[in-house]
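So you can see what is in the structure, the chains are spelled out below.
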Amino acid sequence: MSCPGCAGTPLAQEVARNTPAAYAGDTVSVSLPEIHCATCVSGVERGLSKLPDVLEARVNLSLKRVTIKTRGDADEDGLINALLGLGFEALPLDAATLRAGEGDAVGRGLLLRLAVAGFAMMNVMILSVAIWAGAADATRQMFHWISAIIALPAVAFAARPFFASAISVLRVGRVNMEVPISLAVLLASGLSLFETMAGGENAYFDAALSLTFFLLIGRYLDHRTRAAARSAAQELAALEVPSATCIREGAPVRLKAADIIVGDLVQVPAGGRIPVDGVIDTGRTQLDRSLLTGESMPIAAQVGSKVVSGEVNLSNPLVVRATAVGQDTTLHRMAQMVAAAESGRSHYTPVADRAAQLYAPLVHGVAALAFVGWFAATGDVRYALNIAIATLIITCPCALGLAVPAVTTAASGNLFRKGLLIKSATALERLAEVDTVVFDKTGTLTDGTPILQDLQALSPQDRGVVLALSQSSDHPVSRLLASALEGMQVVPTVLSDIREIAGKGVCGQDGVTRVHLGKSSTSNGGTMFQRDGFAEQPLRIDESLRGGAQELVAALQSKGMGVELLSGDTEFAAAKTGARLGVEQAWGGLTPADKIARLAELQDQGKHVLMVGDGLNDMGAMAQAFVSISPASGVDATRASSDIVLLGRSLAPVKDALKVSRRARARIRENFAIAVCYNAVAVPLAVLGFASPLMAALAMSSSSILVILNALRVRV
């Protein structure tokens, strides 16, 4: 008996036809642990693209790595040296090590630096209060020296990420936001040390520490939102079987997957995952093809049936003759498609990065003009330097750096309480621009639980026959029928000559009447029971809708958003679910490549697409989408490819996510307005000499606190 949801497979040839031709040549991935902004991304990609053997370089900012495609065999050492020449630390990529510890180590390091800067800042400010209160002469000098002893090591340690980034770009003749930040911290610290050694009245160690502290808050909040991102392509590649048993010269041999060749006979045990694309040579079984179709209901397979890598053999041992191995298998090509889609989506430039591209040259120019102007006017280097430092500090991008992370963190906390986990740093910004929502069917709009609709319509005699037939089969639909009928206290009829025909169903003899339980001959391909000489009696198997699905679809449509359903199930099943939800654009029988193609088509029309899916066959489409959501019930690899994870069973929180994302975007714009207004007032005061470095630090701190308070206004 064959499940109606499994038509349209196998799909290896279809996936192969839709795989981009750009995968020719070698590909290497390199870790870039210090990369953190859009300027870095463009610098890496432009620099590598100038190399003669490089076809393409794509940076994944969330994962801090670059994928490089070359014309021939990749020279990993040469590429790493080229990246070092561009000013970026580059390391050979060890995926397992990166996933296990890199994110946590970076987070712990930032948190430690933040704690050191905060502790030192508070102690130095306590000493500054005494100076402001009137401490003079020897007492003031003692407090200045104590402040120096506290501040200088703290600044050297806590501000190291900014110094390292600034040095790396200056070496190759570029600037980024860390250059003016580092310059302000170093000048404030250096001038303060000079004033202390010279017995001067003013020192600005607290300004340098305050600057470092607030900048580290923004860096840590940004890291928190990026830390959850993992590569879906890596998760998908983990499903590849590393070794298998092949039959060569009549004897079983255990081989690595890379050593299997086309034509080999590969043994696949019951419960094992198929390692190659091929054709069943020996055996009959049930296959789980959810990897490609998204439907969990298995299908029957026998000698001559085509199978693809990644499918699970549920019932009996098989021998498969390989027709595609290694990088030519369906699973490997799917991983390549997902990786390509991930890299493309990572080119979204957050609003903070777009603003930052103009920041560094503007700040340098203003501070330099202030120094030159005051030195020309007064001839006093110390006074001109004080004003230049005050200008650098007062224009510090603390408010700019906190504008997005503070809002994202506040919004993420609110949504988490509603049952949504935000994984991507830019997910909320992208979600606010969504105008089209695409859903998978099984496990997303439906909960995947089958419901039998027509058992009550069967006569008591037919129920006994159906129970007897279903008890004679291991097919999941048969087990479902048997369980339901046994729960109704039905007694099985004694039948004779019971036989199961692969792909057709189970038949038997009830006295003189032939009876059959299996696939319907109608266009919908459902399950039916039939006695010879009588019409088929349908046994409909529907799925219950996931909680909140109808309300969510209605809400999206009421806001004028496009809604589509893309499913690997049959066209009939997809159209039926679409009709229940009022979704006119419902497509069935789609391969993973078909889903990616449909999303690409929508994007070519200028649509910003939200993809909601849960199956391995949705991974490529989710990586292709502008933003994506996966239920927590989805497979690990799908959750890895998504920007947002739905923690509960209901889809209702998706409405909250869309609402909060738009409010978060409004708060982000308000924060940038606050930062602009602050600079419009504060910069002229600093340039005209009305703000000392200490006053500049206080003004900078006030603007940062105001940005954080505004971010807390984000509510569901």
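Residues numbered from 1 in each chain as written. Predicted model: local features only at pLDDT ≥ 70, side-chain atom pairs only at ≥ 80, totals over all residues. Heavy atoms only, no water.

Caption draft 1: Region of the structure containing the overall build of the protein chain. When its secondary structure is counted, the protein chain shows 25 helices and 27 strands. Going through the 716 residues of the protein chain one by one, you find that 54% of them count as buried. Across the protein chain, every contact between residues at least 6 apart in sequence was considered, and the portion connecting residues at least 24 apart equals 70%. For the protein chain, the accessible surface area stands at approximately 29700 Å², while carbon and sulfur atoms represent 58% of it. (Helix = DSSP H or I, 4+ residues; strand = E, 2+ residues; numbered from the N terminus. Buried < 20%, exposed > 50% of the residue type's maximum accessible area, 1.4 Å probe, protein only. Contact = heavy atoms within 4.5 Å. Areas by Shrake-Rupley, 256 points an atom, 1.4 Å probe, with all protein chains shown as cover.)

Caption draft 2: Examining the sheet that holds strand β20 (residues 527–531) more closely. Read across the sheet, five strands follow the order β17-β18-β19-β20-β21 without closing on themselves; strand pairing throughout is antiparallel. If you trace the sheet from one side to the other, it starts and ends with β17 (496–501) and β21 (537–539), each paired once. Within this sheet the neighbouring strands show an average axis-to-axis angle of 15°, counted without direction. Where β17 lies against strand β18 (residues 505–510), four bridges are found, and the strand directions are antiparallel. Following the sheet pairing, R499 is matched in β18 by C507. In this fold helix α17 (residues 460–470) packs onto β18, β19 (513–519), β20 and β21, with an angle of close to 115° to the strand it touches most, β20. (Pairing = 2+ DSSP bridges. Axes fitted to C-alpha atoms, helices over the stretch in contact; angles between N-to-C directions.)

Caption draft 3: Representation of the packing of aromatic side chains. If you walk through the whole model with that rule in mind, you get two aromatic pairs. Relative to F375, the ring of F371 lies with its centre 6.1 Å away and its plane at 0°, an arrangement referred to as stacked. Taken as a pair, F371 and F375 lie in helix α12 (residues 351–378) at a separation of four residues, close to a single helical turn. Take F371: its relative accessible area is 27%, and that puts it in the partly exposed class. Of note, R113 hangs over the ring of F157, and the distance from its end group to the ring centre comes to 4.7 Å. (Phe/Tyr/Trp six-rings, centres within 6.5 Å; stacked < 30°, edge-to-face > 60°. Lys NZ or Arg CZ within 6 Å of the ring centre and 35° of its normal.)

Caption draft 4: Spotlight on a positive patch on the surface. On the surface, a cluster of positive charge is made up of K418, K559, K655, K659, R662 and R663. Among the elements that take part in the positive patch, helix α24 (residues 653–687) stands out by supplying four residues, more than any other. Relative to the helices and strands, K659 resides in helix α24. (Patch = residues over 30% accessible without salt bridge, like charges linked within 9 Å, V, L, I, M, F, W, Y side chains within 5 Å. Salt bridge = Lys/Arg side-chain N within 4 Å of Asp/Glu carboxyl O. Lys, Arg positive; Asp, Glu negative; His and termini not counted. Charge placed at Lys NZ, Arg CZ, Asp CG, Glu CD.)

Caption draft 5: Highlighting the environment of V44. With respect to the secondary-structure elements, V44 resides in helix α2 (residues 38–49). Once the C-alpha coordinates of V44 and A57 are considered, the two residues, 13 residues apart in sequence, prove to be 8.0 Å apart. Sequence-distant contacts of V44, that is, excluding residues within four places in its chain, are made with L32, I35, V59, V66, L83, L86 and F88.

Caption draft 6: Representation of the sheet that holds strand β7 (residues 265–268). With respect to topology, six strands assemble into an open sheet ordered β6-β5-β7-β13-β8-β11, the strand pairing being antiparallel. With one partner strand each, in any of the chains shown, β6 (251–256) and β11 (306–307) form the two edges of the open sheet. Examined bridge by bridge, strand β8 (residues 277–282) and strand β13 (residues 318–324) share five bridges and lie antiparallel to one another. By the bridge assignment for β13, G278 is matched with A322.

Caption draft 7: A look at the nonpolar core. Membership of the largest hydrophobic core comes to 45 residues, with the highest contact counts inside it found for V155, L209, L211, F213, L216, I393 and I394. Within the residue set of this core, elements represented by two or more residues are α4 (95–132), α5 (137–158), α6 (160–170), α7 (178–197), α8 (205–226), α13 (381–394), α24 and α25 (693–711). Not counting chain neighbours up to four residues away, the residues in contact with I394 comprise Y678, N679, A682, V683, A686, A691, A696 and A699. Core analysis: the next-biggest nonpolar cluster, separate from the first, contains 41 residues, L556, V612, I629 and A711 among them. (Core = buried A, V, L, I, M, F, W, Y, C linked by side-chain atoms within 4.5 Å.)

Caption draft 8: Here's a closer look at a nonpolar patch on the surface. Taken together, the side chains of V681, L685, L688 and F690 make up a nonpolar region of the molecular surface, amounting to roughly 410 Å² of accessible area. With respect to the helices and strands, L685 occurs in helix α24. Assessed through its relative accessible area of 40%, L685 is described here as partly exposed.

Caption draft 9: Local environment of the pattern of salt bridges. Enumeration over the complete set of coordinates arrives at 13 salt bridges. In this structure, E56 engages R58 in a salt bridge whose closest nitrogen and oxygen atoms are separated by 3.0 Å. By relative accessible area, which is 27% here, E56 ends up partly exposed. On the basis of relative accessible area, R58 is assigned to the partly exposed category, the value being 24%. Of the charged contacts, one joins R430 and D643 as a salt bridge, the two residues approaching to 3.1 Å between their closest N and O atoms. Of this pair, R430 sits in helix α15 (residues 427–431) while D643 is found in the loop between α23 (636–641) and β27 (644–646), placing the two residues 213 residues apart along the sequence. Take D643: its relative accessible area is 3%, and that puts it in the buried class.

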